[in-house]
Amino acid sequence: NPSFQYILHGHISLQELIETGIFENKYYDIDGNDQVIGNHNGVAFQFCDLNVQRTKKLSNEKDGPDNVFLGQLFIAQFNKSFNTELYLIPKKREGILKGNDIKDHLSFNLGEKVILEDPEFMNMFHVYSNNQIEARYIMSTVLMQRIKDLTIKTKGRINV
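Residues numbered from 1 in each chain as written. Predicted model: local features only at pLDDT ≥ 70, side-chain atom pairs only at ≥ 80, totals over all residues. Heavy atoms only, no water.

Concerning the packing of aromatic side chains
Under the criterion given, the structure shown has 6 aromatic pairs. For the pair Phe4 and Phe45, a centre-to-centre distance of 5.0 Å together with 85 degrees between the ring planes defines the contact as edge-to-face. Note that Phe4 is positioned in the segment before β1 (5–7) and Phe45 in strand β3 (residues 43–54), a separation of 41 residues in sequence. Residue classification places Phe45 among the buried residues on the basis of a relative accessible area of 9%. Residues Phe47 and Phe74 carry aromatic rings whose centres are separated by 6.0 Å and whose planes lie at 25 degrees to one another, so their mutual orientation is stacked. Highlighted residues: Phe47 in strand β3 and Phe74 in strand β4 (residues 66–77), separated in sequence by 27 residues. Joined through ring pairs, the aromatic side chains of Phe4, Phe45, Phe47 and Phe74 make up one cluster. For the cation-ring pair, Arg54 lies above Tyr28, with the distance from its terminal atom to the ring centre recorded as 6.0 Å. (Phe/Tyr/Trp six-rings, centres within 6.5 Å; stacked < 30°, edge-to-face > 60°. Helix = DSSP H or I, 4+ residues; strand = E, 2+ residues; numbered from the N terminus. Buried < 20%, exposed > 50% of the residue type's maximum accessible area, 1.4 Å probe, protein only. Lys NZ or Arg CZ within 6 Å of the ring centre and 35° of its normal.)

Points about the environment of Asp29
Its place among the elements puts Asp29 in strand β2 (residues 29–40). Each C-alpha atom, one on Asp29 and one on Val68, is 9.7 Å from the other, the two residues being 39 residues apart in sequence. Setting aside anything within four residues of it in sequence, one finds Asp29 in contact with Asn51, Val52, Gln53 and Thr55. (Contact = heavy atoms within 4.5 Å.)

Remarks on the pattern of salt bridges
A side chain of one charge can pair with a side chain of the opposite charge if their charged atoms are brought near each other. If you walk through the whole model with that rule in mind, you get 2 salt bridges. For Asp118, the salt bridge is made with Lys148, and the minimal N-O distance between the two is 2.7 Å. Of the two residues, Asp118 sits in the loop between β6 (112–113) and α2 (119–124) while Lys148 sits in helix α4 (residues 141–154), which places them 30 residues apart along the sequence. Of the residues examined, Asp118 reaches a relative accessible area of 16% and is grouped as buried. Note that Lys148 is salt-bridged to Glu120, the shortest N-O span being 3.1 Å. Taken together, the residues span a long stretch of sequence, with Lys148 in helix α4 and Glu120 in helix α2 at a distance of 28 residues. You can call Lys148 buried: its relative accessible area is 3%. The exposure class assigned to Glu120 is partly exposed, which follows from its relative accessible area of 44%. (Salt bridge = Lys/Arg side-chain N within 4 Å of Asp/Glu carboxyl O.)

Here is the structure:
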């Protein structure tokens, strides 16, 4: 889309990463590229390839930094507001869902486990929220299908 801004060596800033509310407010070493900034149907967004690492304060010289996140990070400002937070964490499985569990680096309680009506979706994701009713409202059948399709199409791990 010619109205989107592309920055070859750009990436989301540390402050923007912290403002997502996903990670603790600590210092992380971040690096990335291929940043895209734009607006689609009134929704401001940006994404980039991002590598987030954290060096332990007390560590052995031979220890490298902890890999916190490696992949594409997508941030959007939606027009609707909700009173709850909802988290989709991919289940570890052979095949497309391999690697470290992002839950190992989160600084907060994800809330209660939510069971949704779609068994295929539930086989792919752990769903957490502190409001069961609003979580089910947010996770419509259409949204679940889109997330499943995207996960299968990209053969990737999607954390929402």
